[in-house]
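Reading the structure
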Amino acid sequence: MSSPAVLPPGRRRGRPGYDLASVLAVAAELFNERGYDGTSMRDLAARLGIAKSAIYHHVTGKEELLSLALDRALDGLAAVTSRARALPAPAVERLEYLVRGSVEVLEAESPYVTLLLRVRGNTDVERAALDQRRAFDRFVAELVAEAVRDGDIRPDADAMITARLLFGLVNSIVEWYRPDRRPKTAPLADAVCAMAFDGLRARRREPLSSGLRSAGPGRPAAAGPG
């Protein structure tokens, strides 16, 4: 006969039908709707349709739910960051890898990343999360600065401003992304990286007569050198 599953220290078995994952998902939903401070354990119990005491079979309270929810986002971003650091490639390629991976984490963990982006540092848990976000921003800026030195990013690009603009683009996805409404086209990460690294302007073909260049409307073309 198989032995019963061993629970982690301090974790009690929840009531059937209400595992920790489902409680956490609803908690993140409510925190995003009402704000962490505006959500009570009573609100969570009402949304779940269970007694408030049943939630304490899973967690010690609201702050632990916030911590677990933020960890869902932070752990994904930390894993992508670790892989980007170790990638044997130029800085600009590691930067693109980081952007691509971050978009994929956002798609997979959208409610939790949304929550991470909305914390304001009002609790110890939120301040710890903000510290990790700042460390992430610094790493992005380091990659930008290295790519500038390599000549792969324009030399007048300010590293921190570029990092914030780049991830401002990525983070804005939480405001409009709805996976159930998105057409089945190319991956979202492809679209973000194309815009961020290639831009909007179309690359025009060189004219067939490379020795001639236009001098403007109504003016004759000037001959090229030679």
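Residues numbered from 1 in each chain as written. Predicted model: local features only at pLDDT ≥ 70, side-chain atom pairs only at ≥ 80, totals over all residues. Heavy atoms only, no water.

**Here's the deal with the side chain of Thr-81**
The topology assignment puts Thr-81 in helix H4 (residues 62-86). Ignoring any residue separated from it by four or fewer positions in sequence, one finds Thr-81 in contact with Leu-98, Phe-136 and Phe-139. (Helix = DSSP H or I, 4+ residues; strand = E, 2+ residues; numbered from the N terminus. Contact = heavy atoms within 4.5 Å.)

**Some thoughts on the packing of aromatic side chains**
The tally for this structure, following the rule as stated, stands at 2 aromatic pairs. Ring centres 5.2 Å apart and planes at 75 degrees place the aromatic pair Phe-31 and Tyr-36 in the edge-to-face group. Judged by its relative accessible area of 4%, Phe-31 falls in the buried class. Ring geometry for Phe-136 versus Phe-167: centroids 5.0 Å apart, planes at 90 degrees, classification edge-to-face. Of this pair, Phe-136 sits in helix H7 (residues 124-150) while Phe-167 sits in helix H8 (residues 159-171); the two residues are 31 residues apart in sequence, bridging distant segments of the chain. The same class applies to Phe-136 and to Phe-167, which are both buried. (Phe/Tyr/Trp six-rings, centres within 6.5 Å; stacked < 30°, edge-to-face > 60°. Buried < 20%, exposed > 50% of the residue type's maximum accessible area, 1.4 Å probe, protein only.)

**Considering the packing of helix H5 (residues 91-108) against helix H10 (residues 188-198)**
Interhelical geometry of H5 versus H10 gives an angle of 140 degrees and a closest axis separation of 9 Å. Classed by the angle they form, the pair H5 and H10 counts as oblique. Seen from above, H5 lies across H10 with right-handed handedness. Contacts between H5 and H10 pair Val-92, Leu-95, Glu-96, Val-99, Arg-100, Val-103, Glu-104 and Glu-107 from the former with Leu-188, Ala-189, Asp-190, Val-192, Cys-193 and Phe-197 from the latter. Grouping the constituent residues of the contact of H5 with H10 by class yields 9 nonpolar, no polar and 5 charged. (Axes fitted to C-alpha atoms, helices over the stretch in contact; angles between N-to-C directions. Parallel < 35°, antiparallel > 145°, perpendicular 65-115°, else oblique. Left-handed = near helix turned anticlockwise from the far one by under 90°. Nonpolar A, V, L, I, M, F, W, Y, C, P; charged D, E, K, R; others polar.)

**Focus: the confidence of the model for the protein chain**
Model confidence for the protein chain is summarised by a mean pLDDT of 84, while 79% of its residues fall at 70 or above. For the protein chain, the element scoring lowest by mean pLDDT is strand S1 (residues 212-213), at 44; H4 scores highest, at 97. Low pLDDT (under 50) marks residues 1-16, which in the prediction has 17 contacts with non-local residues, meaning those over four places away or in another chain. The low-confidence segment residues 210-226 (pLDDT under 50) makes 9 contacts with residues lying over four places distant or belonging to another chain. (pLDDT = per-residue confidence, 0-100.)

**Some details on the side chain of Thr-123**
Relative to the helices and strands, Thr-123 is located in the loop between helix H6 (110-118) and H7. A polar side-chain atom of Thr-123 sits 3.1 Å from the main-chain amide nitrogen of Glu-126. (Polar contact = N/O pair within 3.5 Å; in protein donor to acceptor, adjacent residues only side chain to side chain.)

**Details of the environment of Val-192**
Looking at the secondary structure, you find Val-192 in helix H10. Val-192 sits in the buried class, given a relative accessible area of 9%. When the C-alpha atoms of Val-192 and Glu-96 are compared, they prove to be 9.8 Å apart, with 96 residues separating the residues in sequence.

**Observations concerning H5**
Look at H5: 25 Å from first C-alpha to last across 18 residues, which is about the 26 Å you get at 1.5 Å a residue. Restricting attention to buried positions, one finds in H5 the residues Ala-91, Val-92, Arg-94, Leu-95, Leu-98, Val-99, Gly-101, Ser-102, Val-103, Val-105 and Leu-106. Where H5 is buried, its residues contact H4, H6, H7, H8, helix H9 (173-176) and H10. (Expected span 1.5 Å × (residues − 1).)

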